[in-house]
Amino acid sequence: VSTKIRWTGARWPRVGRIPEPQNCGSMTSYHQDGTVGPWAVEKLQCLEKYLSAYTTILRKQEWCSDCLYIDAFAGAGRAKLRTSTTTAQSLQVTMLDEINGDEEAESYIDGSPRVALGLKHPFTKYFFFEMDVERIKQLQEIEEEFSSSRKIKIVSGEANESIQNFVLRQGIYDWKKTRGIAFLDPFGLQVPWRTIEAISKTQAIEVIINLPIGMAIQRLLPNSGEFTIEQRKRLDEYFGSSEWESVLYERSTDLLGESCTKRGDSGELLAKWYAARLEQAFGFAAPPRLIRNSNGGHLYYLLWAGPNATGKKIAKDVLAQGVRI
């Protein structure tokens, strides 16, 4: 499966003048300037492979009346890809001196909405949740583009409340005859555990989750282990438990008093602990896959959880094709 790369304009900058990928800060650059790093390709390829396998299996199940795709942070459907020469070559992107005679060209990657809409065996219904006005307009253009073949609902508003109101509200779907996948790809702590728990209670919806440890969570975890009441509350709500602290920190007492040490492998420990919580909530969870930036830095972990053993087997195979813990 290959993630689609598209161009606008007509000319690539000559080799050697292509900007190098920027280092990742506290959130993905997409939410800052509308661009994504080359590591986004890896994430979207995982998503595409799993969705393709999922819908291929579900289409053969006569009992299944609805198959839902839920994209909690849909974005615009396409994003500009920051790429270096090395990255472009690894993605089999062709460098062209001239295309249509324009000054420069830009590479674009299809985001999760287009990945899901472009499957050979589509979902019966698509839910795209987005807050940004301009991105909603672009999603509406996609809705028009696929109007003859896909049922799409674009919801403007905060994802957690919107999922509750438009998908999970009692009586909307018969979960014995409905299945679905929720793609939860935030740039920070926008998906509290209460949303994860609400989805798991359907016993019909699987989740693919971006756990943004390197991008956002580590910034909230000081080496000192000292937190304000508000900071603890925020982390407790996100993880749905206060156990994260004992997972990440070692506290001891000696003659000099109490000391606190943040564990050196805190990111890996947190990902494994979170995966275990997902398994407890859903029934099954695949080992997390680590996504790195161009410099090898840890960005986030990609996780899968669901109520079906077959789903775990497929997700485990898909996520294993990279750096996994």
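About the cut-offs
Residues numbered from 1 in each chain as written. Predicted model: local features only at pLDDT ≥ 70, side-chain atom pairs only at ≥ 80, totals over all residues. Heavy atoms only, no water. Phe/Tyr/Trp six-rings, centres within 6.5 Å; stacked < 30°, edge-to-face > 60°. Helix = DSSP H or I, 4+ residues; strand = E, 2+ residues; numbered from the N terminus. Buried < 20%, exposed > 50% of the residue type's maximum accessible area, 1.4 Å probe, protein only. Axes fitted to C-alpha atoms, helices over the stretch in contact; angles between N-to-C directions. Parallel < 35°, antiparallel > 145°, perpendicular 65-115°, else oblique. Left-handed = near helix turned anticlockwise from the far one by under 90°. Contact = heavy atoms within 4.5 Å. Nonpolar A, V, L, I, M, F, W, Y, C, P; charged D, E, K, R; others polar.

Participant: Could you clarify how one ought to interpret the packing of aromatic side chains in this entry?
Facilitator: In this description, an aromatic ring pair is defined by two values, namely the gap between the centres and the angle between the planes. Applying the stated criterion across every chain, the model contains 17 aromatic pairs. Note on F227 and W244: the rings are 5.2 Å apart at their centroids and 80° apart in plane angle, and the pair reads as edge-to-face. Note that F227 is positioned in the loop between β9 (205-211) and α8 (229-239) and W244 in helix α9 (residues 244-248), a separation of 17 residues in sequence. What makes F227 buried here is its relative accessible area of 12%. For the ring pair F239 and W273, a centre distance of 5.5 Å and an interplane angle of 65° mean the geometry is edge-to-face. Placement of F239 in helix α8 and of W273 in helix α10 (residues 266-282) is noted, with a sequence separation of 34 residues between them. Using a relative accessible area of 0% as the deciding quantity, one classes F239 as buried. With a relative accessible area of 13%, W273 lands in the buried category. Linked through ring pairs, Y50, Y54, Y69, F123, Y126, F128 and W304 together constitute an aromatic cluster.

Participant: What's the story with the packing of helix α6 (residues 159-168) against helix α7 (residues 193-200) in this structure? I'm lost.
Facilitator: Between two packed helices, both the angle of their axes relative to each other and the distance between the axes serve to describe the pair. Where α6 contacts α7, the two axes come as close as 10 Å, and the packing angle between them is 15°. One finds that α6 runs roughly parallel with respect to α7. As α6 packs across α7, the resulting crossing turns out to be left-handed. Of α7, the residues touching α6 (which contributes N160, Q164 and L168) are R194, T195, A198 and I199. A per-class count over the contact of α6 with α7 returns three nonpolar, three polar and one charged.

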